[in-house]
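# Structural overview for review
As a plain string of letters, each chain reads:
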There are 2 protein chains.
Amino acid sequence: MINIAVLGYGTIGSGVVEVLDTNSESIANRAGDEIQVKYVLDLRDFPGESIQDKIVHDYEVIVNDPDIQVVVEVMGGVEPAYTFVKRALLAGKHVTTSNKALVAKHGAELIAIAKEHSINFLFEASVGGGIPIIRPLNSSLTADEIQEITGILNGTTNYMMSKMTNEGLEFDEVLKDAQEKGYAEKDPTADIKGHDACRKIAILTSLVCGQQVDYEDIYTEGIDKITATDIKYAKAMGRAIKLLASSKRVDESFYAMVAPFMISQDHPLFSVNDVFNGIFVRGNVLGDAMFYGSGAGKLPTASAVVADIVDIVKHLKTNILVEWSKKKLNLVDMKASKRRFFVRMRGTVEENLENLQEIFGKVMTVTLPDVSGEFGFVTDIMSEAEYNEKVKRIEEVIQMIRVE
Amino acid sequence: MINIAVLGYGTIGSGVVEVLDTNSESIANRAGDEIQVKYVLDLRDFPGESIQDKIVHDYEVIVNDPDIQVVVEVMGGVEPAYTFVKRALLAGKHVTTSNKALVAKHGAELIAIAKEHSINFLFEASVGGGIPIIRPLNSSLTADEIQEITGILNGTTNYMMSKMTNEGLEFDEVLKDAQEKGYAEKDPTADIKGHDACRKIAILTSLVCGQQVDYEDIYTEGIDKITATDIKYAKAMGRAIKLLASSKRVDESFYAMVAPFMISQDHPLFSVNDVFNGIFVRGNVLGDAMFYGSGAGKLPTASAVVADIVDIVKHLKTNILVEWSKKKLNLVDMKASKRRFFVRMRGTVEENLENLQEIFGKVMTVTLPDVSGEFGFVTDIMSEAEYNEKVKRIEEVIQMIRVE
């Protein structure tokens, strides 16, 4: 019998308790032992609920109980999660967490403590919800040098972009809808400004390079400036606009960024719609692979947390090696990254084509039958720096979206 | 330093040697030790190649060398692979294999021997080439009851179906093209008749249920009866025809089958084209997930084999638990499985609609502008048994394809 403590009885915490209950038999089979929730830490009481007798308000009860072998941190936020997790590890207790903010900021340190104590700190649910991606990166894609990892890592914004695409709605309308459906929070900043995706790509990049990638170093744009007209242009070009979080290897380092991109129909992430997430990986021997599934939600995320618990129970005496040192990786300036750029500008193709060709070289122009007073064009492949220089020479720019 | 022996220097064997060489440094880092190919078993010599001094013709050299800790079986076919692998395990050597025929037939026994000896028998490359699927099933999707696993598991036939779809060609033409490109073998039976996919879904189903699933019990149809006209109908309905290998849970068992299916655009496998494979998994808490990548080919498959070698080196003293007992699972008769059926018949809609409605109830009919003398219809959802009974009452049936 393995006793565990769940920190936080919110959406994911209650999901973990539910999954352990629903699939108790098969989970015990696979773990090789029965798993029992002994404590649930929460500030609230839950009278009438199955866990009411397990609720504790004081973390000391948990960290000081030698019966507790695994601590499940699903509170979110850096503090007090960080203090609780660190103390649990120092007390010799294994930890699994779904907390991307905690892992992005303190992952390297917590992994090192776990290693020193021959225990485990696992965090499958911190990226991609129920999609297995952390464990595959750590134990399946080990023969490869990963060249690129690009994901649709935020379900809320992907839902919004899908809805704008399918129904021709404006940003504010779909945000309101997403909030009503409970997909977006009252303060949606972390999602729509790309901060959530940024922390997740920081975690994935750290795992890929084995060093610390600070999320503050990652260039991040959200989707809040995308309009219904942008989507019309994308559709006219057979493309979709997606918020991508991407890292690409450049020599011994990576550049990383989060921004809306126009992607074509043959991109493996093109058909990742609604609240689903998808993670594309390119290895130097594997070639292209993609992982797809529910990137958020109570049960899918709990499924990943419980899979970590099972893995911990199978490795009670052994540290599962996770390569992520505290040594900081200096990212390459994304200004050197190269691609095409889609630009909307005021005026007509006729008036501007010659000037655009002089500045950008070859361009492809797009006009929409029901949009007047402006047109769009797509540049040839150039660096961000080069684009930034060139675009200064044209006025009347309405919008720029990167093309991949 | 870990010494390994590679059995067979064909496409995959030479790929394994190449991958170990190309990424030697990162592989050593992740494994925690250097990996060296000490022997390559092959009947041929390879004068001038880097491995020429490592070639041995006699398996006894390998199995009797206590320095060899890992045997990599990439010969294919049941014998002599089975004898060699079993002897290696009995001699206390870990084994990884890419051999689906071996794993489908003797997986349960070899897993049991490895467990008894506290060593490992791994087979990631036997299904889905480079796509991580065996390890995720075994160590990531452990919180779930898997309800369904459906894959495009054969790259050759998927390439052929994609080419028929894109270019309107007939089966024989694309088969010839696939053979010229080296995607299909001179004797393409195993691919086009579905035997290859059948062995792979047998392996996946065994892992999902933890028991032995005999591939001989799985209903298997190939793609050799699919015509350019069938593809035209599929396109007219916004669907694609794919060779699916599928297992679905029914109470405490599964039904499993391999057959061409018409799938709709919102199916996660719809956009898995060309030689790529995709594996769709539905869990009772995870929801839907999909794994996509190169299902075959020298380097992707070698990538999976080498990932197994790394995992073995990380678990030299521990058996990684794989749930797959020798106890046979009796599959549910697929005649009870329910779906829609697409049928082509001679005649006109006008002449036949009344009769069809009497027999099948509600039907949707399809006519193609450039195909005369016949039409297509799609039935309501019914069991295979029910369909088989009803279809006896109509004559002039040209084709039936299942709809999913």
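Residues numbered from 1 in each chain as written. Chains lettered and ligands numbered in written order. Predicted model: local features only at pLDDT ≥ 70, side-chain atom pairs only at ≥ 80, totals over all residues. Heavy atoms only, no water.

Here we take up the interface of chain B and chain A. Put simply, an interface is often sized by how much accessible area is lost when its parts join up. Between chain B and chain A, the residue contacts involve 45 residues of the former and 45 residues of the latter. With both chains or domains summed, chain B and chain A bury close to 3700 Å², and 52% of this area falls on carbon and sulfur atoms. Three residues stand out in chain B for area buried against chain A, namely B:Arg30, B:Thr142 and B:Val285, and they jointly supply 17% of the buried area on that side. There are two salt bridges connecting chain B and chain A. Here B:Arg30 and A:Glu323 are joined by a salt bridge, their closest N and O atoms 3.8 Å apart. Counting every contact that joins chain B to chain A gives 16 residue pairs in polar contact (both at pLDDT 80 or more). Here strand E12 (residues 287-294) of chain A pairs with strand E12 (residues 287-294) of chain B via five bridges, running antiparallel. The residue bridging A:Ala289 from the neighbouring strand is B:Gly293, located in E12(B). (Contact = heavy atoms within 4.5 Å. Buried area = accessible area lost by both parts, 1.4 Å probe. Salt bridge = Lys/Arg side-chain N within 4 Å of Asp/Glu carboxyl O. Polar contact = N/O pair within 3.5 Å; in protein donor to acceptor, adjacent residues only side chain to side chain. Pairing = 2+ DSSP bridges. Helix = DSSP H or I, 4+ residues; strand = E, 2+ residues; numbered from the N terminus.)

Glancing now at the packing of aromatic side chains. Residue and element names in this part refer to chain A. For the structure on display, the rule yields 23 aromatic pairs over all chains. Ring centres of Phe341 and Tyr387 lie 4.3 Å apart, and the angle between their planes is 10°; on these two criteria the pair is classed as stacked. On the criterion of sequence distance, the pair formed by Phe341 in strand E13 (residues 338-346) and Tyr387 in helix H14 (residues 384-391) is long-range, its members being 46 residues apart. Given a relative accessible area of 0%, Phe341 falls into the buried group. (Phe/Tyr/Trp six-rings, centres within 6.5 Å; stacked < 30°, edge-to-face > 60°. Buried < 20%, exposed > 50% of the residue type's maximum accessible area, 1.4 Å probe, protein only.)

Now for the UniProt feature "active site" (unreviewed entry) in chain A. Residue and element names in this part refer to chain A. The positions that UniProt labels "active site" (unreviewed entry) are, in the present scheme, Lys200. Relative to the assigned elements, Lys200 resides in helix H10 (residues 195-209). Apart from residues lying up to four places away in sequence, Lys200 is in contact with Lys100, Ser126, Val127 and Leu153. Of note is the side chain of Lys200, whose polar atom sits 2.9 Å from the backbone oxygen of Leu153. (UniProt positions renumbered as here; feature names shortened; annotations may be inferred.)

All names here are of chain B. Residue position: Ser253 is located in strand E10 (residues 253-264). Look at Ser253 and you get buried, because its relative accessible area is 10%. Excluding residues within four positions of it along the chain, Ser253 makes contact with Lys248, Leu329, Asn330, Leu331 and Val332. One polar contact links the side chain of Ser253 to the main-chain carbonyl oxygen of Asn330, over a distance of 2.8 Å.

Time to look at the side chain of B:Glu384. Residue and element names in this part refer to chain B. The residue Glu384 is located in helix H14 (residues 384-391) in this model. Under the relative-accessibility criterion, Glu384 is labelled buried at 2%. Here the side chain of Glu384 touches Arg402 through a polar contact of 2.4 Å, side chain to side chain.

All names here are of chain B. In terms of burial, strand E17 (residues 397-403) is a largely internal element, five of the seven residues being buried. For E10 and E17, the ladder comprises two bridges, and the chain directions are parallel. Its bridge partner lying in E17, Phe261 is registered against Arg402. In this sheet, E17 lies alongside strand E13 (residues 338-346) in antiparallel orientation, the contact comprising six bridges. The residue of E17 that forms the bridge with Phe341 is Arg402.

A separate point is the sheet that holds strand E1 (residues 2-7) of chain A. Think of a sheet as strands paired side by side through backbone hydrogen bonds, with each pair either parallel or antiparallel. Residue and element names in this part refer to chain A. Pairing in this open sheet of six strands is parallel, and the strands run E3-E2-E1-E4-E5-E6 from one edge to the other. One side of each edge strand has no neighbouring strand; the edge strands of this open sheet are strand E3 (55-56) and strand E6 (121-122). Here two bridges tie strand E5 (residues 94-97) to E6, and the two strands are oriented parallel to one another. Residue pairing in the sheet places Thr96 in a bridge with Leu122 of E6.

You can overlay chain B on chain A at an RMSD of 0.0 Å; the transform is a turn of 180° with a shift of 0.0 Å along its axis. Such a combination of turn and shift is consistent with a two-fold rotation axis. Within chain B, the C-alpha atom positioned nearest to the axis of rotation is that of B:Phe291, 2.4 Å from it. A high fraction, 100%, of the interface residues of chain B reappear at the interface in chain A, so the copies pair face to face through one surface. (Least-squares fit on C-alpha atoms with pLDDT ≥ 70 in both.)

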